[in-house]
Amino acid sequence: MNKTTIRFFSVLFFSFFWGCIVFFSADTFASEKIKTVVSKPNKHANVLYGMPSKYAQLEIQYQLLELATANFDKRYAIQFDKLLNSAQDNKQSYSYQLMVSYFMIKNFREKFYSYSWDERQNLQFISNYVRITNAEIKEYKSMVHTPSMEVSLKVLRPRIDNYLEYRKNLVKYLNTKDEKLQIYDFVQIDKSSKGEAVVLLKKALMERGFLSKAASLRAYYDDELEHAIKNFQKANDLTPDGIMGELSYKLLFMTNQERAILLARSIIRLNDVGFESNNNYVIVNIPEMKMQVIDNNESIIESKVVIGRKDRMTPTLVSDIKNVVLNPTWTVPDTILKEDYLPILRKDRDYLNNKGISILDVNNDVVDPHQLSDSALTDQGFRSYRIVQDPGSRNALGQYKFSFPNKDSVYLHSTSSPMNFARSYRALSSGCVRVEKARELAEYLLRKTKYTPRQINKIIKSGKTKWAVVKDAVPVYLVYWTAYINKDKHVIFNADIYDKENNVKHLPDEIMNHFQKQNNEKFKIKSLALLDM
């Protein structure tokens, strides 16, 4: 082979090398302790990619860790593992992995808003390979030793309140080993309970610090156990009823890996332009079963809500509240009609009359249910009819309905069954959201209209239906956030009531191999990593 040929293949090889097409396969998830490794610039590393400042190195590590821990695409865990391992190999390899990590983070952040609301909230991102072009490498090398690198990384940070608190707590949970709890299959435990599950519950509460180690381990519910359950429920913002129900059970046995994953996912879910651009909005956090009204970035109304049960889940969505209906009528939705009312009507023709609900035909004339045959009371036979409940004290929507466009035909409303707001577990509706403080919400939404609180009260007392238009439509968000950090910097975890986070139990080995190993330094939060660059 002559020199010209050798030169040709050398050029061809380096052209391919500099094209730098980086592909990471998204394998099946696995489970691996992290030590923070920061290298100083080295002349050999600088030959190709350059070594960012200590600040920038750590910022890349942390932002990549957040994406990896969210556990929606294993490529980030694989790259995190490569980055940390390369820091111990050689400077040139480390500088290359820093560059690759930077572009993976940048690629994700820039494509984030091209996804729909549902895709962003459900972490349904397309797993594309990351292509790094020659031009991007050149730009990276030009800024790697300048303040522009740190500025760029700061811009890539998620725009959420208490962001650095999320980072600190994420690493804390990854670094913290779990207590060895014996888990029992869920069964509600209350004052009538006895058996092995009661013993295991007592041991778990002891390990969590809510029950004295000297407490009795006898296999029945006692006063000490009741007190411990109530204290646990208070600490987790649940109704302290002393009953170890499903919500309390899920939170008690939540592992630190699960907590880290949920926090990492919340960093992504909360990073939405809607919350940044809108100062005023209504937000319902489905697993928390609570609603907030945000006005000028302050929470001015907080209310318990009842949400859809597991087989009729309340959907996540974003829309605008445009109307408030005072003394609404209720047209029974198809699902409730087919699955609930028609089977009962075939057995008891007086069932609807006893609830003040009427059957109407296509001419809006009331139909006597006794005149309908069993065949008419089927999905096919009932198509010419609809079921409507007039306004009144028994109306399922109560006195207020809040309408907003959405494909699922759900809405917010008050209720004629307010006793359910006293319960911890409030996944009881057929999908719509019942609001405890519906009157306060109506007054807020109509504050810029002629409908003063006094006028609203007058209309409610009249019993007549009135559609009131909201002057400036108010955004409404129905979200599914199983973790967040509140304004007091307290970490709040919510039970995964719809089991949407089924893949959060364990992190890949590529992450956990850098955490929680004996004789291995923990990945530590260093003050320079927390600076507001």
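Residues numbered from 1 in each chain as written. Predicted model: local features only at pLDDT ≥ 70, side-chain atom pairs only at ≥ 80, totals over all residues. Heavy atoms only, no water.

A.B. asks: Which residues make up the layout of surface pockets, and what values go with them?
C.D. replies: Roughly 1,500 Å³ of volume is contained in the largest pocket. Contributing to the lining of the largest pocket are 45 residues, with Tyr484, Ile485, Asn486, Lys487 and Ile492 lying nearest its centre. Per-element accounting of the lining of the largest pocket gives the leading share, four residues, to strand 4 (residues 290–295). Looking at the second largest pocket, its volume works out to about 830 Å³. If you go around the second largest pocket, you meet 34 residues; those closest to its centre are Trp330, Ile336, Ala396, Ser430 and Arg434. With five residues, the single largest contributor to the lining of the second largest pocket is helix 15 (residues 334–347). Across the lining of the second largest pocket, the residue classes tally to 15 nonpolar, twelve polar and seven charged. (1 Å grid on protein atoms, 1.4 Å probe; cavity = no way out; pocket = protein on both sides within 12 Å on 5 of 7 lines; lining within 4 Å. Points joined across faces, edges and corners; volume = space filled by probe spheres on them. Helix = DSSP H or I, 4+ residues; strand = E, 2+ residues; numbered from the N terminus. Nonpolar A, V, L, I, M, F, W, Y, C, P; charged D, E, K, R; others polar.)

A.B. asks: I'd love a proper account of the packing of helix 3 (residues 54–69) against helix 5 (residues 91–111), names of residues and values included.
C.D. replies: Interaxial distance between helix 3 and helix 5 falls to 10 Å at its minimum, and their mutual angle equals 50°. Classified by the interaxial angle, the pair formed by helix 3 and helix 5 is oblique. Considering how the two elements wind past one another, helix 3 and helix 5 form a crossing that is left-handed. Touching Gln57, Ile60, Gln61, Gln63, Leu64, Glu66 and Leu67 of helix 3 are Tyr94, Leu98, Ser101, Tyr102, Ile105, Phe108 and Arg109, all from helix 5. Along the lines of polarity and charge, the residues of the contact of helix 3 with helix 5 split into eight nonpolar, four polar and two charged. (Axes fitted to C-alpha atoms, helices over the stretch in contact; angles between N-to-C directions. Parallel < 35°, antiparallel > 145°, perpendicular 65-115°, else oblique. Left-handed = near helix turned anticlockwise from the far one by under 90°. Contact = heavy atoms within 4.5 Å.)

A.B. asks: Summarise the packing of aromatic side chains; cite the residues concerned and give the values.
C.D. replies: In this structure the tally under the stated criterion is 25 aromatic pairs. For the ring pair phenylalanine 108 and phenylalanine 112, a centre distance of 5.9 Å and an interplane angle of 50° mean the geometry is tilted. Each member of the pair, phenylalanine 108 together with phenylalanine 112, is buried. The structure contains a cluster of three or more aromatic residues connected by ring pairs, namely Phe72, Tyr76, Phe108, Phe112, Tyr113, Tyr115 and Phe125. It is lysine 172 that lies over the ring of tyrosine 173; its NZ or CZ is 4.7 Å from the centre. Just above the ring of tyrosine 220 sits the side chain of lysine 202; from NZ or CZ to the centre is 5.7 Å. (Phe/Tyr/Trp six-rings, centres within 6.5 Å; stacked < 30°, edge-to-face > 60°. Buried < 20%, exposed > 50% of the residue type's maximum accessible area, 1.4 Å probe, protein only. Lys NZ or Arg CZ within 6 Å of the ring centre and 35° of its normal.)

A.B. asks: Can you tell me about the environment of alanine 438, naming the residues and giving the values?
C.D. replies: Here alanine 438 lies in helix 17 (residues 438–445). Classification of alanine 438 as buried rests on a relative accessible area of 2%. Residues in contact with alanine 438, not counting those within four places in the same chain, are Tyr400, Phe402 and Ser414.

A.B. asks: Outline the nonpolar core, supporting the account with residue identities and numerical values.
C.D. replies: Counting residues in each nonpolar core, the largest one holds 158 residues, and the members touching the most others are Ile387 and Phe402. Ranked by residue count, the leading element in this core is helix 5, at nine residues. Excluding anything up to four places from it in sequence, isoleucine 387 contacts Trp330, Thr331, Val332, Leu337, Tyr341, Leu345, Leu352, Ile357, Ser358, Ile359 and Phe382. (Core = buried A, V, L, I, M, F, W, Y, C linked by side-chain atoms within 4.5 Å.)

A.B. asks: So, the pattern of salt bridges: which residues are in play, and what are the values?
C.D. replies: Considering all chains together, one arrives at 30 salt bridges under this definition. Among the salt bridges present, the one from lysine 106 reaches glutamate 110, with a minimum N-O distance of 2.8 Å. Taken as a pair, lysine 106 and glutamate 110 lie in helix 5 at a separation of four residues, close to a single helical turn. Owing to a relative accessible area of 53%, glutamate 110 belongs among the exposed residues under this scheme. (Salt bridge = Lys/Arg side-chain N within 4 Å of Asp/Glu carboxyl O.)

A.B. asks: For the packing of helix 5 against helix 7 (residues 134–143), give the residues involved together with the corresponding values.
C.D. replies: Viewed as axis vectors pointing N to C, helix 5 and helix 7 meet at an angle of 110°, and their least axial separation amounts to 12 Å. The angle between the axes of helix 5 and helix 7 places the two elements in the roughly perpendicular class. Regarding helix 5 and helix 7, the two cross each other, and that crossing is right-handed. Each of Ser95, Leu98, Met99, Tyr102 and Phe103 in helix 5 lies in contact with helix 7, whose residues at this interface are Glu136, Ile137, Tyr140 and Met143. Partitioned by chemical class, the residues of the contact of helix 5 with helix 7 number seven nonpolar, one polar and one charged.

A.B. asks: Account for the sheet that holds strand 9 (residues 366–367), naming residues and giving values.
C.D. replies: Taken in spatial order, the four strands make up an open sheet running 7-10-8-9, and their pairing is antiparallel. Because the sheet does not close on itself, it has two edges, and the strands there are strand 7 (330–331) and strand 9. Bridge count for strand 8 (residues 357–360) against strand 9 is two bridges, and the pairing is antiparallel. Bridging from a neighbouring strand, leucine 360 pairs with valine 366 of strand 9. (Pairing = 2+ DSSP bridges.)

That's the geometry; what it means functionally is another story.
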